[in-house]
Each structure stands twice: as structure tokens, then as C-alpha cells.
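Residue strings, one per chain:
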Amino acid sequence: MTTPDSLTTALTSRIVQAIQAAGGWLGFDDFMAQALYTPGLGYYANDLRKLGLMPGSGSDFVTAPELSPLFGRALAAQVGQALQQTQTHELWEFGAGSGALAQQLLDTLGEQVTRYTIVDLSGALRARQQQTLQKFGDKVHWASELPTEMQGVVVGNEVLDAMPVKLLARLGGVWHERGVAVDAATQAFAWQDRATDLRPPLEVDGAHDYLTEIHPQAEAFMRTLADRLKVGAAFFLDYGFPEREYYHPQRHMGTVMCHRAHQADPDPLCDVGLKDITAHVNFTGVALAAQEAGLAVLGYGSQARFLLNCGLAQLMEQTDLAARAQASKLIMEHEMGELFKVIGFTIGEPWAALGFTAGDRTHTL
């Protein structure tokens, strides 16, 4: 039986070998990819519990669909409109977690959806999804990669933040790429910086030391999606900022963060495989990559405004006090309402998307 100690020991050994094979230094994006996705060992590829409401369940964090089923029911209003506008009947979900969002969307949309495909790299989470969604039978399918052509409506909740990022550090006025090496004395992972020609997309004012991220994998994902999606729309919900906020001079510590047992810590180099590693999303970069590849932006705004536009308040009125209290966390500014954003795309001419009818912030991207 795999134990946390044996898992992290095996994964550490695997990453050490990769560092040695690369000449003693691995870019953080490669380290993050291995820590999260190494088959059977990486955080998203092992069978340890991840999603749940409370630390006592053995979980590490909670996402909106686990927090309240009203999340999926409200999102379904936007997805339903998108299916109608694009004259499609398929849904695609990236990184479906426990399967809770898929269940909520399928329950709400019913016969509007003839096929629901989950694209997920995690075998352990796939098993949980299959159990959650078994009542939908062969309507639900799983894929480990995108087909060459697809159509329908794409949904991704907290998927972009889990895509590996490159770390850039300005030290003494000189930009470096921050990577990972093995400390000769302790044999532990250690940061190591190398001078680089890479730069953030915006110049960061000031001469102070500054740590940040760039997101080539998330942007490449958007270009691939734009290339493969022939008819349809896409909606991504995640925490992040537009470019000018992301690279603000005062955000000098970067946004990489780890999550374990509902606690956050800033050190991704220890306990690999046992905790989530994420970075905030640069929504401007995501939007530009999508636009350059042929997608049109439908809108961008806070999760709170998006869900309220989709009827969350009316749904809350139909529930009891406890359910309303949970759902309110989706829209409260100090919870998920403001930090989490939603961005929508479509193929062809944009249309008036329900979720962005009020409070659209596309002009801030």
C-alpha cells in the first residue's frame, strides 16, 4: 500500500534523476509538471484524497462545486445559452475534480447535453468521477488528450492555475529564471537562478528585487483549444488578475502557492506529491493567446457578478439558510467572489453572453 512517505520518497528520487539528466538544474515549470503529474506519484496522479470541505476528511482544498451545488446550477444557465447559441449538444470539461460540477451541469441541463467528455490526467480522480457520474451511463466519456477536432461548450473550473509556470526573478536589476537543483550538503531540493533573456509581458517599474511568473503552458493550451474547437464556446473560472494587476510593482513575491490539509504554504520544494502547487492566472495572457489563435472574447468579470447574472440569487432564495450560507461564499468579496474571475470565448462572432450582461471587465484585460 502506498504511504505518503513512500510516495514522496519515490517522487523525489524521480525528480532528482531528472535534474541530474538535465545537467543539475531544472526549470520550475518542469519541476512543477513532475511534482503534479508524474504517473502514479505526482499530486494529481496519485490516489490520495484531495477535494473536500474539511481537513478532517483528509482533503487539501475545496472548489466551488463541492462548496455548493448552486454553483453548477447557476453555471448551467450560461452553458445552456452557449449550447443554444452554437447549436451544439456536447460539453467538454477539463480537470473535473470529484465530478461534482459534471453532475450539477448534467442534472440541470438534462437532454440539452447528449455527450459529456472529461479531459483529465488523473487516474485516481477519474475513478472517483466514474463513481459519481455512473447514473448518466454512456453519456459521459473520458479522454486523456484533445481530439484533432471538437465541437460544443468547454468548461474549466480551476484548471488554468494548475498548469506549470516559469519563475522569473529580478535580482540586483538582472532578470533570472528560477529553477531547482539538489543541495550537495543536504540532498534536498534548492532554488537556483540563472540569467535569462525571458521577461514578463509588462515592464515592472522599480529597481527592487521581484519574483513573478510567466505562463507559456496555459497560453499554449489556449492556442491548442482554439485550433481544435471548430464550433462552440469556452468558459474558464479561476483565481487571477489582468496583466497590469498581475505585474504590479508591489506584487514582488509572485503568486506560486501550495495547498495541503486546507492550509496554504509558499514552499513547493518539500513534500512533493503530497500538496497542490498553483499560480494565479494572467487573464490578459490567456485572452491574447486565444484571440491570436482565432477565438473571440465573450466577456471577463468577477465570479460574483457572473454567477449573479446567471441567477444565483434566485436559486439561493429557494434553499434553506444553511445552503444559502454555503452558496454565499461563492460571491462574497472576501471569499471567492472577487479573487475568482470568469472569462468566456466563442468561435465566430461574439454574442451577448448571460454571465457578462452586467459588470463586464473585458476593458481591463
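Look up: the structure comes first, before these words.
Novice: What is the right way to look at the overall build of the chain in this model?
Specialist: The secondary structure content of the chain amounts to 13 helices and 16 strands. Computed over C-alpha atoms, the radius of gyration of the chain comes to 20 Å, within 12% of the 21 Å expected from 2.2 N^0.38 for 365 residues, which places it in the range of a compact globule. In terms of its C-alpha atoms, the chain occupies a principal-axis envelope of roughly 60 × 50 × 45 Å. Taken across its 365 residues, the chain has 53% of its residues classed as buried. By sequence separation, contacts in the chain at least 24 residues apart represent 75% of the contacts at least 6 residues apart. About 15,700 Å² of surface is accessible on the chain, with carbon and sulfur atoms providing 51% of the total. Averaging the coordinates of the 26 positive side-chain charges in the chain and doing the same for the 41 negative ones gives two points 2 Å apart.

Novice: Would you mind going over the sheet that holds strand β12 (residues 263-265) with me for this structure?
Specialist: Remark on secondary structure: sheet strands pair via backbone hydrogen bonds, oriented parallel or antiparallel. Taken in spatial order, the three strands make up an open sheet running β12-β11-β13, and their pairing is antiparallel. Whereas interior strands pair on both sides, the edge strands pair on one side only; in this sheet they are β12 and β13 (276-278). Averaged over all pairs of adjacent strands, the angle between their axes in this sheet comes to 30°, without regard to strand direction. Across three bridges, strand β11 (residues 257-260) lies against β12 in antiparallel orientation. In the strand pairing of β12, C258 is matched with D265.

Novice: Got a minute to help me understand helix α9 (residues 283-292) in this structure?
Specialist: For an α-helix, the turn length of 3.6 residues means that residues three or four places apart are oriented alike. Most of α9 is tucked away: seven of the 10 residues are buried. Restricting attention to buried positions, one finds in α9 the residues F283, T284, G285, V286, A287, A289 and A290. Its buried side turned inward, α9 meets α7 (216-228), β10 (229-241), α8 (243-246), β14 (281-282), β15 (295-302) and β16 (340-347). Taking the backbone nitrogen of T284 as reference, a side-chain oxygen 3.2 Å away marks N282 as the first, capping residue of α9. Just beyond α9, the residue with positive phi is G294, at close to 115°.

Novice: Sorry if this is basic, but what is going on with the packing of helix α4 (residues 70-86) against helix α5 (residues 100-109) here?
Specialist: When two helices pack together, their arrangement is given by the angle between the helix axes and by the axis-to-axis distance. Contact pair α4 / α5: the axes reach a minimum separation of 8 Å and the direction vectors enclose 60°. The angle between the axes of α4 and α5 places the two elements in the oblique class. Classified by chirality, the crossing of α5 by α4 is right-handed. In contact with F71, G72, R73, L75, A76, V79, G80 and L83 of α4, α5 contributes L101, Q104, L105, T108 and L109. Partitioning the contact of α4 with α5 into residue classes produces eight nonpolar, four polar and one charged.

Novice: Looking at this structure, I do not really get the side chain of T255. What am I missing?
Specialist: Topologically, T255 is positioned in the loop between α8 and β11. Only 3.2 Å separates the side chain of T255 from the side chain of Y246, close enough to count as a polar contact. Residue contacts for T255: discarding those within four places in its chain leaves E213, Y246, T278, A279 and H280.

Novice: Where do I start with unusual backbone geometry in this structure?
Specialist: Leaving glycine out, the prevailing phi sign among residues is negative, and the prevailing peptide bond configuration is trans. Positive phi values are uncommon outside glycine, yet E158 reaches one of about 55°. Structurally, E158 can be placed in the loop between β5 (150-157) and β6 (166-171). Given a relative accessible area of 16%, E158 falls into the buried group.

Novice: I would appreciate a short explanation of the pattern of salt bridges in the present structure.
Specialist: Pairs may arise between side chains of opposite charge once their charged atoms sit close together. As enumerated under the stated definition, the model contains eight salt bridges in all. The salt bridge involving K166 is made with D29; its shortest N-O contact spans 3.2 Å. With K166 in strand β6 and D29 in helix α2 (residues 28-37), this pair connects stretches of sequence that are 137 residues apart. R260 serves as the salt-bridge partner of D271, at 3.1 Å between the closest nitrogen and oxygen. Here D271, found in the loop between β12 and β13, pairs with R260, found in strand β11; they are 11 residues apart in sequence, far enough to count as distant. Since its relative accessible area comes to 34%, D271 is described here as partly exposed. Three or more residues joined by partner-sharing salt bridges are found here, namely D29, K166 and E177.

Cut-offs used in this document
- Residues numbered from 1 in each chain as written.
- Predicted model: local features only at pLDDT ≥ 70, side-chain atom pairs only at ≥ 80, totals over all residues.
- Heavy atoms only, no water.
- Helix = DSSP H or I, 4+ residues; strand = E, 2+ residues; numbered from the N terminus.
- Rg over C-alpha atoms; globule rule 2.2 N^0.38 Å.
- Buried < 20%, exposed > 50% of the residue type's maximum accessible area, 1.4 Å probe, protein only.
- Contact = heavy atoms within 4.5 Å.
- Areas by Shrake-Rupley, 256 points an atom, 1.4 Å probe, with all protein chains shown as cover.
- Lys, Arg positive; Asp, Glu negative; His and termini not counted.
- Charge placed at Lys NZ, Arg CZ, Asp CG, Glu CD.
- Pairing = 2+ DSSP bridges.
- Axes fitted to C-alpha atoms, helices over the stretch in contact; angles between N-to-C directions.
- Polar contact = N/O pair within 3.5 Å; in protein donor to acceptor, adjacent residues only side chain to side chain.
- Parallel < 35°, antiparallel > 145°, perpendicular 65-115°, else oblique.
- Left-handed = near helix turned anticlockwise from the far one by under 90°.
- Nonpolar A, V, L, I, M, F, W, Y, C, P; charged D, E, K, R; others polar.
- Salt bridge = Lys/Arg side-chain N within 4 Å of Asp/Glu carboxyl O.

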